[in-house]
Amino acid sequence: MAVIEAIETVYLEADAANVTFSSISGYAHLQLSISGKTATSGSGTRDVYVQLNGDTGGNYSWNDMTGYSSSTSADAYAGFTHWYLGVMNGRGNDYTTTSNYGAINMIILNYTSTNMKTAPMSWSGAWGSTPMVKSSGGTWADTSAVTSIKLYPSSGSFLRGTAITIYGIKSS
């Protein structure tokens, strides 16, 4: 039987450019849950990115599937300085609307293994003038154990009221 424990919850009392988790040892797998929104002007989506262990090199690759309105797409990306985690605000969303929060869930299996590359999976959904859902999976071109996870919006900042929880999953 697996045991899931909340390691840490960050509830933003003020806007923040990023959130980093570094006390994540002692588990078999990690799960991350975000409920919040990001602030930026203009149209388009407000994405959330991830970097591991402070790695800012072009070592991240992912595939994603997107659905919004009556459109769907599937894309592949390689050689980026971050992973794409998910969307926080729907396409064309007016980010000043207080009720338009998004949700993201990510799982990283075997994050302490040094025998394979780290491969996350994420799911996200956001409400806006055009609601959007995304599913994504990728790899980090490094076999180091993950010791820190940095989350940050594609532009702007996480807004006050955003809640981010990281969970550890232990095998019994």
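Cut-offs and rules
Residues numbered from 1 in each chain as written. Predicted model: local features only at pLDDT ≥ 70, side-chain atom pairs only at ≥ 80, totals over all residues. Heavy atoms only, no water. Pairing = 2+ DSSP bridges. Helix = DSSP H or I, 4+ residues; strand = E, 2+ residues; numbered from the N terminus. Axes fitted to C-alpha atoms, helices over the stretch in contact; angles between N-to-C directions. Salt bridge = Lys/Arg side-chain N within 4 Å of Asp/Glu carboxyl O. Buried < 20%, exposed > 50% of the residue type's maximum accessible area, 1.4 Å probe, protein only. Core = buried A, V, L, I, M, F, W, Y, C linked by side-chain atoms within 4.5 Å. Contact = heavy atoms within 4.5 Å. Patch = residues over 30% accessible without salt bridge, like charges linked within 9 Å, V, L, I, M, F, W, Y side chains within 5 Å. Areas by Shrake-Rupley, 256 points an atom, 1.4 Å probe, with all protein chains shown as cover. Phe/Tyr/Trp six-rings, centres within 6.5 Å; stacked < 30°, edge-to-face > 60°. Lys NZ or Arg CZ within 6 Å of the ring centre and 35° of its normal.

Chemist: Residues and numbers for the sheet that holds strand β6 (residues 60–68), please.
Modeler: The eight strands lie next to each other as β1-β14-β3-β9-β10-β11-β6-β7, forming an open sheet whose pairing is antiparallel. Both outer strands of the open sheet, β1 (2–11) and β7 (71–80), are each paired with one neighbouring strand and no more. Taking each pair of neighbouring strands and ignoring which way they run, the sheet shows an average axis angle of 15 degrees. Bridging between strand β3 (residues 29–36) and strand β14 (residues 163–171) involves seven bridges; their strand directions are antiparallel. Its bridge partner being in β14, L32 is matched across the sheet by I166.

Chemist: Lay out the pattern of salt bridges with the relevant residues and their values.
Modeler: Under the definition given, this model contains three salt bridges. Residue K170 is joined to E5 by a salt bridge in which the shortest nitrogen-to-oxygen separation is 4.0 Å. Placement of the pair is K170 in strand β14 and E5 in strand β1, with a sequence separation of 165 residues. The exposure class of E5 is partly exposed, given its relative accessible area of 29%. In this structure, K134 engages D64 in a salt bridge whose closest nitrogen and oxygen atoms are separated by 3.8 Å. Placement of K134 in strand β11 (residues 132–140) and of D64 in strand β6 is noted, with a sequence separation of 70 residues between them. A relative accessible area of 14% means that K134 is categorised as buried. Note on D64: relative accessible area 4%, which makes it buried.

Chemist: Explain the nonpolar core to me, using residue names and the numbers behind them.
Modeler: A general feature of soluble globular proteins is that nonpolar side chains tend to end up buried together. Formed by 35 residues in total, the largest nonpolar core has its most connected members in F21, L32, I34, L85, I149 and L151. For this core, the element with the highest residue contribution is strand β8 (residues 83–89), accounting for five residues. Apart from the residues within four sequence positions on either side, L151 is in contact with N18, V19, F21, L32, I34, Y49, V50, L85, F158 and I164.

Chemist: Describe a nonpolar patch on the surface, with residues and values.
Modeler: A surface patch of nonpolar side chains, amounting to about 270 Å² of accessible area, comprises L109, M121 and W123. Within the element layout of this structure, L109 appears in strand β9 (residues 102–109).

Chemist: Explain the packing of aromatic side chains to me, using residue names and the numbers behind them.
Modeler: All told, the structure shown has seven aromatic pairs when counted by the stated rule. Ring centres 6.5 Å apart and planes at 15 degrees place the aromatic pair Y60 and W140 in the stacked group. Taken together, the positions of Y60 in strand β6 and W140 in strand β11 put the pair 80 residues apart, joining distant regions of the chain. Pair check on accessibility: Y60 and W140 agree, each one buried. Ring centres of W62 and Y84 lie 6.2 Å apart, and the angle between their planes is 25 degrees; this geometry places the pair in the stacked category. Pair noted here: W62 is in strand β6 and Y84 is in strand β8, with a separation of 22 residues, a long-range link. Here W62 and Y84 have matching classes, each one buried. Note that K150 overlies the ring of Y152, its terminal NZ or CZ placed 5.3 Å from the centroid.

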